[in-house]
Amino acid sequence: YIDKKNAIRKQIAQDIWPEHYQYKIDTVKQCLTAISFGATKTGGGYVDDAGYFKTNALKSILRYEDKLEAFVNHPCVKQLMEEQKKLNAIIMFSVADRTDLKQTGKLIDSRGRLKTNATIAYLYQHAERNIIEGVKCIFKDYAPLLTVHDALYTKRRPNADTIQSAKLFLADNNDY
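Report on the accompanying structure. The shown structure was predicted, so the numbers you read here are calculated from the model rather than taken from an experiment.

**What about the packing of helix α5 (residues 75-95) against helix α7 (residues 116-138)?**
In a packed pair of helices, the relevant descriptors are the angle between the two axes and the axis-to-axis distance. Relative orientation of the contacting elements α5 and α7 amounts to 80°, with a least axis distance of 10 Å. Classified by the angle their axes make, α5 and α7 are roughly perpendicular. Contacts between α5 and α7 involve Q84, N88, I91, M92 and V95 from the first element and T116, T119, I120, L123 and Y124 from the second. Here the residues of the contact of α5 with α7 are counted per class, giving six nonpolar, four polar and no charged.

**A look at helix α4 (residues 65-72)**
Those residues of α4 that sit buried are L68, F71 and V72. Looking down the long axis of α4, one finds its buried residues gathered within 85° of arc, a one-sided arrangement. Each element contacted by the buried residues of α4 is listed here: α1 (5-16), α2 (25-36), α3 (57-62) and α5.

**Thoughts on unusual backbone geometry**
For R63, which is not glycine, the phi dihedral falls at a positive 70°. Among the structural elements, R63 can be located in the loop between α3 and α4. The class of R63 is exposed, set by a relative accessible area of 69%. Phi is positive for A143, which is not a glycine, with a value near 50°.

**Points about the packing of aromatic side chains**
Centre-to-centre distance and the angle between the planes together describe a pair of aromatic rings. Enumeration over the complete set of coordinates arrives at one aromatic pair. Pairing F139 with Y142 gives two aromatic rings, centres 6.4 Å apart and planes at 65°, and the pair type is edge-to-face. This pair shows no difference in class: F139 is buried, exactly as Y142 is.

Procedures and definitions
- Residues numbered from 1 in each chain as written.
- Predicted model: local features only at pLDDT ≥ 70, side-chain atom pairs only at ≥ 80, totals over all residues.
- Heavy atoms only, no water.
- Axes fitted to C-alpha atoms, helices over the stretch in contact; angles between N-to-C directions.
- Helix = DSSP H or I, 4+ residues; strand = E, 2+ residues; numbered from the N terminus.
- Parallel < 35°, antiparallel > 145°, perpendicular 65-115°, else oblique.
- Contact = heavy atoms within 4.5 Å.
- Nonpolar A, V, L, I, M, F, W, Y, C, P; charged D, E, K, R; others polar.
- Buried < 20%, exposed > 50% of the residue type's maximum accessible area, 1.4 Å probe, protein only.
- Arc of directions from axis to C-beta.
- Phe/Tyr/Trp six-rings, centres within 6.5 Å; stacked < 30°, edge-to-face > 60°.

Dropping the structure here:
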């Protein structure tokens, strides 16, 4: 998926929305991102930190039951969801003994075990945050203004050496 993500997103969008697929590629991207953060095709939703009920991520993105069914039953999506289950199992096995995670209440189920989807999302979000904080340090002399998910906006244009330093930092912290 990583190596062919644009082509896969386009194909899924074409198959589900044949007439207007070009407008739905971003919707497919949002759904696939949600899956990588633990979203599943089942489940009505969850209660957030503030105590509010939130609809299942895929349902809230796609909105229509027929589109949700078409999406989760698409061959590419089925393969990606199966692969994500395997990745989640590997990740959960690797963090099973981490006491810091077990002390984070929202990650624990009623039996005292780590909740897979919540833990996966937590781990990904913290890894992203650590990477963006490292990049912010590299660009500190350029007056960072704003970070948005995986982007950093600066007041001044960085020079080539600083950009190269950031690229090296990213390469050391993320294969993609």
